[in-house]
Every structure is written in C-alpha cells, then in structure tokens.
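# Coordinates in review
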Amino acid sequence: MVETAPSPFTPGYGKKPAIFGGHGEDLSELRAVFETLDFGENHSVLVSGLRGVGKTSFLTTLQDAAREAGWLVISDDASAGLMSRVMDSTIPTLINEMTPETRARLTKLGIWNISADIEYVDRHRVVKPQLRTDLVALSSAMGADGGILITVDEVSAGKVRLRELSKFALQVSHALEDGAQIMVVFAGVKVSLDALLAEEHTTFLRRSRELEFERLSAPETRRVFVETAGIGGRAIDEEALDKLVSLAQGYPYLVQLAGDYAWRNNSIAPCITLVDATVAHDRAIRAIESRVISRVYGDLSDVDQKFLNAMAEDEDRSKVADIVNRMNVSDAYVQVYKKRLIDSGYVQPAGHGYVQFSLPYLGAYIRRQLAAEARDGGNEGGWGAYPAPDLPA
Ligand SMILES: Nc1ncnc2c1ncn2[C@@H]1O[C@H](COP(=O)(O)OP(=O)(O)OP(=O)(O)O)[C@@H](O)[C@H]1O
Ligand SMILES: [Mg+2]
C-alpha cells in the first residue's frame, strides 16, 4: 500500500481555504461589528471580483465569524425563489435552533406559533407574510445578543433575477429602517452588482462598503502556501516556494491548485521540493485553463470576448487605438467595453492609452484558442457543408 498524507489545500469553487489570505483589515472590521453591534457604514457590503478570486470563501468566513459571535445567519444565492426559501425554510430552521429564552421572546411577538418542546414552527395566518416583519421580529428577539447576517452569493445580471433580488433588497431595507440589526452582503462580478444597484428599491445599497477582490499580494501568497502546508505538517523548500508563488500569481484558486499538485507529488516527504513544484507547474497550468480560465472567458458577452481577442494579438500590453482598428468599430464603442472590462476585473489600465490582462494566463489561453480555431477551421467538425433543413411549419 502506498502511504499518503491528506492534502490541506482546497482547490474547488466554494471550498473554504484552510488559511485565508488577504482581506485582513476588512475581515477584522466586519468581525468587530459582530461583537459590538456598532455597524458604522457596515449595514450593507458588496463583494465583487472575478471567478475563483475568493468571494464565496469570504462569505463563508464571515458566516462562521457571525455564528461564533451568536448571530443568526441567513445565506443563500440569488437564484429563483430566494424569498420563499428564506421565509419558508431558512427562518423556521433558525427559530428551531434558537435558545429557549430567545424563542420565548419571539413567541411574544406573535408572528409564529412556536411550540416549546417539539421542533415545530408555523406561521399565524396573516394576509401576506413579509420578510421585513420576520427580520424585525427576529432582530428584536435577539436583542443585544446579536444581529442577523444575510449573505446573497452569485448575484447575476439576468432581468428576472434582478427584479426578484430588488424586492428582496427592499424588504431588507425596510427592516433596516425599522431598526433591525442586520448586515447584508451581496457577492458577484462587478457588472452584476452594478446592475443590481441600478434597480428600483436598491438605492440603500449605494451606501454600501464595497470590497473589490483582486489577487493576493506576493507576501500573502507566500504565507498561504507556507501556512497551509504547515497545517499538514510539511515545510516548503525556498526554491520550490518561489516557483509556486510565481505560478499562482496571487490568484486564490491557482494557489490552492498549485499547492495541491505539489503536495500530492510526494505527500509523505517532510518538505515540498523544487521537483514537486516543477511537476505541479506543468499539471496545474493545464488544470487552470480548463477549470478557471475557460469559465472566466465563458462568462463574457460576445463583444467582451471580441475585445479580449483583439487584445490577445499583443504579447504584453495593448494600445487601445489598435483595439479600435482590429475590432473595426468606433472609439467610443471601444471605450464603453474597455470600462466594463476594467470594472469587472478582466483588464487593467497599463499606462496612458494602454490596457493589459489583469488575470494571468487569460491572454495565453485566448491565443491558444484562436490558433486552434484557425487550425481546424473553427472546429465545426465539417458541418458547415451540411446545413439543417427547415422544418415544415
Ligand atoms: N483568501 C483566500 N486565500 C487562499 N485561498 C483562497 C482564498 N479565497 C479563496 N480561496 C480558494 O480559491 C478557490 C476559489 O474560491 P471561491 O470559490 O471562494 O471563489 P469565488 O470568487 O466565489 O468564485 P466564483 O466567482 O466562481 O463563485 C477555492 O479553492 C478556495 O479554497
Ligand atoms: Mg463563488
């Protein structure tokens, strides 16, 4: 039997890392709110950033801290049915888990029928139950013991979703006006959050604390590698560490992926060596493309993709004027897309009139895709010669 030691690295969407790098100040400020209930400007928080940059992990870390401080936690994502999931399932579950004292206080508020000894929660019949009233009641039953943390992940810019989300936000904002002790956190890519802010009823979100997630700093990236390996009882040789840090480029998903591959190469040795890091390098690059970069690229609209394709013709930074020529559109048009892509974190300004990819590997990925398409004729498998016939009406 081959002996192995389990890897402490956590590659995968939504997997909370063993060591959470970066965002130290924001986390401690928000944690302080859980202890003191002194919200300052932290009643609402918007977390934005590219795929795999650590938004969901940040939300999970916040939720754990809130629970530890005795808060109620409502966490969900912005998919269809949010309001009814929260009102019909999450809130009754929270009530079931409350201490008897809190439940007793809640019973007096008269919104729910709460049985003292068996796990059962039912609503008194009211014309139309509202999230606002639920939240206010929950908050006053908690009293000075804690508040309510609401996290909504995966905010996306679809029209129907946004309308539902803005209704949800309206209820939360009314509850806040009524004095409920709530911190609400929305997470998604920047364009989606901007679209949410543009909806009716979400004006209160314009006063939110905005956290724009970018890659981790180099020192933080080193710390995450060293301390994560340390949790598993191993050290990392200096040269191996340098190699892993350059490979990951501070991008959280890549840190976990590279660390995991290096770990697994020889998991029972006391140290991760340059050999392990080199093996990780080759395997991780391939996995990065299929698991991360292709999804990041696939999230974009056609025009956004065309913009990035035009950029990919350059090895390093691109001149905006060249992009205008390559796309064969007006300068104003290109400026609009440039701004969007910068806002969403795909692209960054690189000197006056220049842009470059902010995500390492994205340019190389696109160049490879375009070369492959050119090679096998758009990869349509020869079907261009056999169009499907029209079906009879
Ligand atoms: N601060 C961090 N330090 C170290 N590793 C992290 C950090 N944040 C996230 N990770 C790791 O990065 C990966 C992606 O994290 P996560 O799923 O939270 O990203 P995300 O921004 O929510 O992605 P998506 O936009 O696809 O939902 C996971 O493997 C996670 O363990
Ligand atoms: Mg996520």
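Residues numbered from 1 in each chain as written. Chains lettered and ligands numbered in written order. Predicted model: local features only at pLDDT ≥ 70, side-chain atom pairs only at ≥ 80, totals over all residues. Heavy atoms only, no water.

## With respect to the overall build of the chain
Summing up its helical and strand segments, the chain has 15 helices and twelve strands in all. Summarising its shape, the C-alpha atoms of the chain cover approximately 70 × 65 × 50 Å along the three principal directions. For the chain, buried positions account for 47% of its 393 residues. The contacts of the chain with a sequence gap of at least 6 include a subset with a gap of at least 24, amounting to 72%. If you sum the accessible surface of the chain, you get close to 19700 Å²; carbon and sulfur atoms cover 51% of it. With 42 positive and 54 negative side-chain charges, the chain shows a separation of 3 Å between the mean positions of the two kinds. (Helix = DSSP H or I, 4+ residues; strand = E, 2+ residues; numbered from the N terminus. Buried < 20%, exposed > 50% of the residue type's maximum accessible area, 1.4 Å probe, protein only. Contact = heavy atoms within 4.5 Å. Areas by Shrake-Rupley, 256 points an atom, 1.4 Å probe, with all protein chains shown as cover. Lys, Arg positive; Asp, Glu negative; His and termini not counted. Charge placed at Lys NZ, Arg CZ, Asp CG, Glu CD.)

## So, the nonpolar core
Ranked by size, the top nonpolar core spans 55 residues in total, and within it Phe225, Phe307, Leu308, Tyr346 and Leu362 carry the most contacts. Per element, the largest residue contribution to this core is nine residues, and it comes from helix α11 (residues 274–298). Here this core spans two domains, and each of domain 2 (218–297) and domain 3 (300–374) adds at least three residues to it. With residues up to four places along the chain from it excluded, the contact list for phenylalanine 225 reads Phe9, Ile236, Leu241, Leu244, Val245, Ala248, Val255, Ala258 and Gly259. Within the second largest apolar cluster, 40 residues are counted, among which are Ile74, Leu138, Val172 and Leu193. (Core = buried A, V, L, I, M, F, W, Y, C linked by side-chain atoms within 4.5 Å. Domains from an automatic or database assignment.)

## Some thoughts on the domain arrangement of the chain
Here the domain parsing of the chain yields domain 1 (24–212), domain 2 (218–297) and domain 3 (300–374). Just the C-alpha atoms count here: the centres of domain 1 and domain 2 sit 35 Å apart. Contacts between the two partners involve four residues from domain 1, matched on the other side by five residues from domain 2. Summed over both sides, the interface of domain 1 with domain 2 buries roughly 460 Å², with 59% coming from carbon and sulfur. It is Arg51, Gly52 and Val53 in domain 1 that bury the most area against domain 2; as a group they hold 85% of the surface buried on that side. The tally of links between domain 1 and domain 2 comes to zero salt bridges. Across the domain 1-domain 2 interface, the total number found is two residue pairs in polar contact (both at pLDDT 80 or more). Here the residues of the side of domain 1 that touches domain 2 are counted per class, giving two nonpolar, one polar and one charged. (Buried area = accessible area lost by both parts, 1.4 Å probe. Salt bridge = Lys/Arg side-chain N within 4 Å of Asp/Glu carboxyl O. Polar contact = N/O pair within 3.5 Å; in protein donor to acceptor, adjacent residues only side chain to side chain. Nonpolar A, V, L, I, M, F, W, Y, C, P; charged D, E, K, R; others polar.)

## Topic: the side chain of glutamine 305
In this fold, glutamine 305 is placed in helix α12 (residues 302–311). In this structure glutamine 305 comes out as buried when scored by relative accessible area, which is 18%.

## Concerning the packing of α12 against helix α13 (residues 320–327)
Between α12 and α13, whose axes approach to 9 Å, the crossing angle comes to 120°. Considered as vectors, α12 and α13 are oriented oblique to each other. Note that α12 runs across α13; the crossing there is right-handed. Packed against α12, whose contacting residues are Val303, Lys306, Phe307, Ala310 and Met311, the element α13 presents Ile323, Arg326 and Met327 at the interface. For the contact of α12 with α13, the class distribution of residues is six nonpolar, no polar and two charged. (Axes fitted to C-alpha atoms, helices over the stretch in contact; angles between N-to-C directions. Parallel < 35°, antiparallel > 145°, perpendicular 65-115°, else oblique. Left-handed = near helix turned anticlockwise from the far one by under 90°.)

## A look at the site of ligand 1
The environment of ligand 1 is formed by 23 residues, the closest being Thr10, Gly14, Lys15, Lys55 and Ser57. Threonine 10 places a polar main-chain atom, nitrogen or oxygen, 2.5 Å from an oxygen atom of ligand 1. In this structure, an oxygen atom belonging to ligand 1 sits 2.8 Å away from a main-chain N or O atom of glycine 52. Relative to its free-state accessible area of 630 Å², ligand 1 is covered by the protein chains to the extent of 97%. For ligand 1, the cavity whose grid points lie within 2 Å of the majority of its atoms is the largest pocket. Breaking the shell around ligand 1 down by element, the ones donating at least two residues are α2 (55–68) and α10 (252–265). In terms of residue class, the shell around ligand 1 is made up of ten nonpolar, nine polar and four charged. Counting the residues that make up the shell around ligand 1, at least three belong to each of domain 1 (24–212) and domain 2 (218–297). (Near = heavy atom within 4 Å. 1 Å grid on protein atoms, 1.4 Å probe; cavity = no way out; pocket = protein on both sides within 12 Å on 5 of 7 lines; lining within 4 Å. Sits in = over half its atoms within 2 Å of the grid points.)

## Digging into the pairing of strand β1 (residues 44–48)
Successive side chains on a regular strand alternate, one facing one side of the sheet and the next facing the other. Counting buried positions along β1 gives five out of five residues, so the element sits mostly inside the fold. Side chains of β1 alternate between two faces, with Ser44, Leu46 and Ser48 and Val45 and Val47 buried alike. Strand direction decides the pairing type here: β1 and strand β6 (residues 182–188), joined by five bridges, are parallel. When the bridges of β6 are listed, serine 48 appears paired with glycine 188. Pairing of β1 with strand β7 (residues 209–212), which is carried by four bridges, proceeds in the parallel orientation. (Pairing = 2+ DSSP bridges.)

## Quick notes on helix α1 (residues 24–36)
Relative to the 18 Å expected for 13 residues at 1.5 Å per residue, α1 spans 18 Å between its end C-alpha atoms, a close match to the ideal helical length. Buried residues of α1: Leu27, Leu30, Val33 and Phe34, and no others. The buried side chains of α1 occupy one side of the element, clustering within an arc of 120° when seen end-on. Those residues of α1 that are exposed and aimed more than 90 degrees away from the buried face are Glu25, Glu35 and Thr36. Check the buried side of α1 and you find it contacts β1, α2, β5 (148–155) and β6. (Expected span 1.5 Å × (residues − 1). Arc of directions from axis to C-beta.)

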